[in-house]
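Survey of secondary and tertiary structure
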Amino acid sequence: MSPVILYSTDGCHLCELAQLQLEQLAHPFEIVDIIDDASLVEKYGTRIPVVLNNNTQELGWPFELSELQTFLGSSC
């Protein structure tokens, strides 16, 4: 199972929900705080949370647990 990236930032309650879904599915992930990179803020500032898989496919919020599970299955 390849880890995915969760683009997020502090104080984002939707990002916390996405993180809980990833934890519920026991899928490895790395949180990247977009605030540390101006280009990430520009790209994802109004779209977080966004999950990026190793195939560079993105799943943007809103997503249900079943949609995330399907997306993660395509990243293996």
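Data block above holds the structure.
Heads up: these notes are all about the structure in this document.

Criteria and cut-off values
Residues numbered from 1 in each chain as written. Predicted model: local features only at pLDDT ≥ 70, side-chain atom pairs only at ≥ 80, totals over all residues. Heavy atoms only, no water. Axes fitted to C-alpha atoms, helices over the stretch in contact; angles between N-to-C directions. Helix = DSSP H or I, 4+ residues; strand = E, 2+ residues; numbered from the N terminus. Parallel < 35°, antiparallel > 145°, perpendicular 65-115°, else oblique. Left-handed = near helix turned anticlockwise from the far one by under 90°. Contact = heavy atoms within 4.5 Å. Nonpolar A, V, L, I, M, F, W, Y, C, P; charged D, E, K, R; others polar. Disulfide = S-S within 2.5 Å. Buried < 20%, exposed > 50% of the residue type's maximum accessible area, 1.4 Å probe, protein only.

**Considering the packing of helix 1 (residues 13–24) against helix 3 (residues 65–73)**
Here helix 1 crosses helix 3 at 60°, and the two axes come no closer than 10 Å. The angle between the axes of helix 1 and helix 3 places the two elements in the oblique class. Taken as a pair, helix 1 and helix 3 cross one another with a handedness that is right-handed. Along the contact surface, helix 1 presents Gln21, Leu22 and Gln24, while helix 3 presents Leu65, Leu68 and Leu72. Counted by class, the contact of helix 1 with helix 3 contains four nonpolar, two polar and no charged residues.

**Thoughts on the state of the cysteines**
Per the counting criterion, the structure on display carries one disulfide. Across the disulfide, Cys12 is cross-linked to Cys15 (sulfur-sulfur distance 2.4 Å). Here the disulfide of Cys12 and Cys15 is right-handed, its torsion about the S-S bond being about 75°. Under the relative-accessibility criterion, Cys15 is labelled buried at 2%.

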